[in-house]
Amino acid sequence: MKTQITELLNIEYPIFQGGMAWVAEHSLAGAVSKAGGLGIIAGANAPADVVRKEIQMAREITDKPIGVNVMLLSPYADEVAQVVVEEKIPVVTTGAGSPEKYISMWQEADVKFIPVVASVALAKRMERYGASAVIAEGCESGGHIGSHTTISLVPQVVDAVNIPVIAAGGIADGRGMAAAFMLGASAVQMGTRFLVADESIIHDNYKDRVIRAKDIDTEVTGMSHGHPVRQLRNKMTREYAKLEKEGASFEELEHLTLGALRKAVIEGNVDDGTLMAGQIAGLVKERMSCKDIIEEIMSDTKKLLGDKDFL
Ligand code: TUI
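Given the structure is predicted, the values throughout are model-derived calculations rather than measurements.

**Student:** Can you walk me through the overall build of the protein chain in this structure?
**Tutor:** Scanning the protein chain for helices and strands turns up 14 helices and eleven strands. For 311 residues, the compact-globule estimate of 2.2 N^0.38 gives 19 Å, and the C-alpha radius of gyration of the protein chain, at 18 Å, lies within 12% of that figure. With the C-alpha coordinates aligned to their principal axes, the bounding extent of the protein chain is approximately 50 × 40 × 40 Å. Classification of the 311 residues of the protein chain by burial places 55% in the buried group. Restricting to contacts in the protein chain with at least 6 residues of sequence separation, those with at least 24 account for 62%. Surface exposure of the protein chain reaches about 13,400 Å², of which carbon and sulfur atoms provide 50%.

**Student:** Explain the environment of Thr 218 to me, please; I cannot follow it from the model alone.
**Tutor:** In this fold, Thr 218 is placed in strand E10 (residues 218-221). In sequence terms Thr 218 and Ala 281 are 63 residues apart; their C-alpha atoms lie 8.3 Å from each other. Beyond its immediate stretch of four places on either side in the chain, Thr 218 contacts Arg 230, Gln 231, Leu 232, Arg 233, Ala 277, Gly 278 and Gln 279. Here the side chain of Thr 218 touches Arg 230 through a polar contact of 2.9 Å, side chain to side chain.

**Student:** Would you take a moment to explain the sheet that holds strand E4 (residues 91-95) for this structure?
**Tutor:** The parallel open sheet is built from eight strands, whose spatial order is E1-E9-E8-E6-E5-E4-E3-E2. Only two strands of the sheet have a single partner each, and these edge strands are strand E1 (15-17) and strand E2 (39-42). Looking at each pair of strands side by side, their axes are set apart by 25 degrees on average, direction ignored.

**Student:** I would appreciate a short explanation of the side chain of Gln 17 in the present structure.
**Tutor:** For Gln 17, the location among the structural elements is in strand E1. When sequence neighbours within four positions are dropped, the list of residues in contact with Gln 17 reads Ala 24, Leu 28, Ala 29, Val 32, Leu 38, Gly 39, Ile 40, Gln 189, Met 190 and Phe 194.

**Student:** Looking at this structure, I do not really get the pairing of E4. What am I missing?
**Tutor:** The two faces of a sheet get side chains in turn, since along a regular strand they alternate between them. Burial within E4 is extensive, with five of its five residues counted as buried. The alternating pattern of E4 places Val 91, Thr 93 and Gly 95 on one face and Val 92 and Thr 94 on the opposite face, and all of these are buried. Taken together, the five bridges between strand E3 (residues 66-71) and E4 define a ladder with parallel strand orientation. Residue pairing across strands places Val 70 opposite Thr 94, the latter belonging to E4. Handedness of the E3-helix H4 (residues 77-86)-E4 crossover: right-handed. Strand direction decides the pairing type here: E4 and strand E5 (residues 112-117), joined by four bridges, are parallel. Considered in E5, the bridge of Val 91 is made with Lys 112. Between E4 and its parallel partner E5, the chain crosses via helix H5 (residues 103-108), and the hand of that crossover is right-handed.

**Student:** So what exactly am I meant to see when it comes to the pattern of salt bridges here?
**Tutor:** Side-chain pairs of opposite charge can arise where the charged atoms are in close proximity. Tallied over the entire structure, the rule returns 18 salt bridges. Between Arg 287 and Asp 204 there is a salt bridge; the shortest N-O distance is 2.7 Å. Pair noted here: Arg 287 is in the loop between helix H13 (260-267) and helix H14 (290-305) and Asp 204 is in helix H10 (residues 204-212), with a separation of 83 residues, a long-range link. Exposure remark for Arg 287: the relative accessible area of 33% places this residue in the partly exposed category. For Asp 204, a relative accessible area of 43% corresponds to the partly exposed category. Taking the shortest distance from any N to any O, the salt bridge between Asp 208 and Arg 287 comes out at 2.9 Å. Of this pair, Asp 208 sits in helix H10 while Arg 287 sits in the loop between H13 and H14; the two residues are 79 residues apart in sequence, bridging distant segments of the chain. For Asp 208, a relative accessible area of 35% gives the class partly exposed. Residues participating in the shared-partner salt-bridge network are Arg 52, Arg 59, Glu 86 and Glu 87.

**Student:** Looking at this structure, how should I read the pairing of E2?
**Tutor:** The side-chain alternation of E2 yields two buried faces, one formed by Gly 39 and Ile 41 and the other by Ile 40 and Ala 42. Bridging between E2 and E3 involves four bridges; their strand directions are parallel. Paired with Gly 39 across the two strands is Ile 66, which belongs to E3. For the handedness criterion, the β-α-β arrangement of E2, helix H3 (residues 48-61) and E3 is classed as right-handed.

Reading the values: the criteria
- Residues numbered from 1 in each chain as written.
- Predicted model: local features only at pLDDT ≥ 70, side-chain atom pairs only at ≥ 80, totals over all residues.
- Heavy atoms only, no water.
- Helix = DSSP H or I, 4+ residues; strand = E, 2+ residues; numbered from the N terminus.
- Rg over C-alpha atoms; globule rule 2.2 N^0.38 Å.
- Buried < 20%, exposed > 50% of the residue type's maximum accessible area, 1.4 Å probe, protein only.
- Contact = heavy atoms within 4.5 Å.
- Areas by Shrake-Rupley, 256 points an atom, 1.4 Å probe, with all protein chains shown as cover.
- Polar contact = N/O pair within 3.5 Å; in protein donor to acceptor, adjacent residues only side chain to side chain.
- Pairing = 2+ DSSP bridges.
- Axes fitted to C-alpha atoms, helices over the stretch in contact; angles between N-to-C directions.
- Right-handed = clockwise from strand over helix to strand, strands pointing away.
- Salt bridge = Lys/Arg side-chain N within 4 Å of Asp/Glu carboxyl O.

Remember that the coordinates give geometry; whether it matters functionally is a separate question.
See the structure below:
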């Protein structure tokens, strides 16, 4: 299945693995790229040296293209943006902001940039600045989210820009992927489905919670401070909601979430940790290799869409 994105990035399948903080390291990104999708290493809140090491280790897994996500709220975003150039990464995605100050540096180095956008306005601005494509991410996603759903955001972004659009948020199987293509997308990005991949390094307790999650089990915290984050409901989110309702300050709330993603991913602390996951977690029932995930989704998508290209 050829699409504008498979041709642009020289990848076999139009599937991106989301650049999830603490989760998207070399084993996961390497496995996704090796299987023909686009594996993405998360810059997250990590310093440049750590990201460089992850890139180098992923390259030991595969020669195929691997991307890096620059999380724009990170104190290390400047240095990670630079590492991408030094390591000759072909494609960078960005999240949680606008990457404007890095664009000329990336363009000079021939690094394609593909920002996550949560609105039509930002998508148009990114096209004007020379983005190769945009990722339209709906609020079904896990982690930091905007306010539009995928089904309303994707077609509006598709109509507003002349660059390819990658759909993200709420997609975890062939039906979701086929639907995204019907909305005009040229690829999909998935996070939650890859959380429980065999190659994902997250703690087994976290994987179990995702596998056991029902449709209604995610909750958004941080809405009152303009930093909404979607995750599985647990002791931490219940305490957070209580404090938020009582009008707690940003500092108090942040204290609760500080280091909480590490607690979940590394320590498997499912009570105090942040179990970021999308609303589609209820559909994710099986642990599989990245290769099997990608092949199953491509096969199911082709059954629905036929053997068509989207160029
Ligand atoms: O970035 C994400 N998801 C994330 S980042 C993250 S780590 C984190 N750490 C500390 C605080 C908050 C998060 C966990 N999950 N997804 C991409 C994404 N970007 N979703 C929404 C946006 C977005 C929202 C508004 C991008 C741009 C934007 O507006 C920027 C502007 O200037 O208009």
